[in-house]
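# Report on the structure
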Amino acid sequence: NVTEGEYKVTVTNLDNNCSVEATQTVTKDVASPTVVLTTPEKLNCAVTNVTVSVSASTTVAGHTFSYKWDSTTSQTASFTAANTYYVTVTDNVNHCQSVLSVVVDIDDTNPTVAISDPDIINCETTQITLLANATPAGSLDVNYKWSGTGDVTNTTLVSDGNVYVVTVTDNENFCTATASVQPTVDKVQPTVAGISSGIIDCEKTTQTITVTANGAH
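Below is a summary of the structure that appears in this document. (Residues numbered from 1 in each chain as written. Predicted model: local features only at pLDDT ≥ 70, side-chain atom pairs only at ≥ 80, totals over all residues. Heavy atoms only, no water.)

### Some words on the environment of Phe 174
Heads up, the condition is: Secondary structure elements follow DSSP: runs of H or I no shorter than four residues count as helices, runs of E no shorter than two count as strands, and numbering proceeds from the N terminus. Each residue gets one of three labels from its accessible area relative to the maximum for its type: buried under 20%, exposed over 50%, partly exposed in between, using a 1.4 Å probe on protein chains only. Pairs of residues are marked as contacts when any of their non-hydrogen atoms sit within 4.5 Å.
Relative to the elements of secondary structure, Phe 174 occurs in the loop between β16 (164-170) and β17 (176-181). Residue class for Phe 174 comes out partly exposed when judged on its relative accessible area of 44%. Separated by 63 residues in the primary sequence, Phe 174 and Pro 111 have C-alpha atoms spaced 9.5 Å apart. In this structure Phe 174 touches Asn 44, Cys 45, Ala 46 and Thr 169, once residues within four positions along its chain are discounted.

### Let's talk about the packing of aromatic side chains
Selection criterion: By convention, a stacked pair of Phe, Tyr or Trp rings (six-membered ring in the case of Trp) has centres within 6.5 Å and planes under 30 degrees apart, an edge-to-face pair has planes over 60 apart, and any other such pair is tilted.
As enumerated under the stated definition, the model contains two aromatic pairs in all. Judged by centre distance (5.7 Å) and plane angle (65 degrees), the ring pair of Trp 69 and Phe 79 falls under edge-to-face. Of this pair, Trp 69 sits in the loop between β6 (65-68) and β7 (76-79) while Phe 79 sits in strand β7, and the two are 10 residues apart along the sequence. Per residue, the accessibility class of Trp 69 equals that of Phe 79, and both read buried. Where Phe 79 meets Tyr 85, the ring centres are 3.9 Å apart and the plane angle is 25 degrees; that geometry is what we call stacked. The pair formed by Phe 79 and Tyr 85 is uniform in burial state, with each residue classed as buried. Ring pairing ties together the aromatic residues Trp 69, Phe 79 and Tyr 85, which thus form one cluster.

Encoded structure:
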């Protein structure tokens, strides 16, 4: 076995004592490939698959490389779960290797939303405002969408007892949450059960009228 360097060998013919000298230079190629990985997106409720690409190079021209991920031998790997993933890059000429890792993160936290208890719709209050708030209040960049009215703010005006659903979408991770409410409607009309009064005459110049009503209250 020899190491890197220049070596000389002399070959002598034992019959005539003639000789010849030769020189051989032994070089060393043990450089591991230089590897670069792309930075993956963060997984979320809309992005359920991310890809990472790997490229390799070396200081010596003409080298090719092979790649080995946990699940593929391609230069590009796809991931659907948060984890730390490793790729091994092998120089096909000198068989040196480099191992790199990449972290795939995930943000799949759903927002929370609540609808405040609404007022009662009645003959005086014929329209009420429904109010929804995502929590923690003021710290989320969210969109609101109400069913039935199509409003896209955290409030909507209604005038009936239908079920209304608000959907909140986090604009950063695109996760959603819903809440529903059904306003109470009280428009029961009272009924007059009877009216009684006396007769006004020359003696009784005034009378009292008595009204009896039936209702829900």
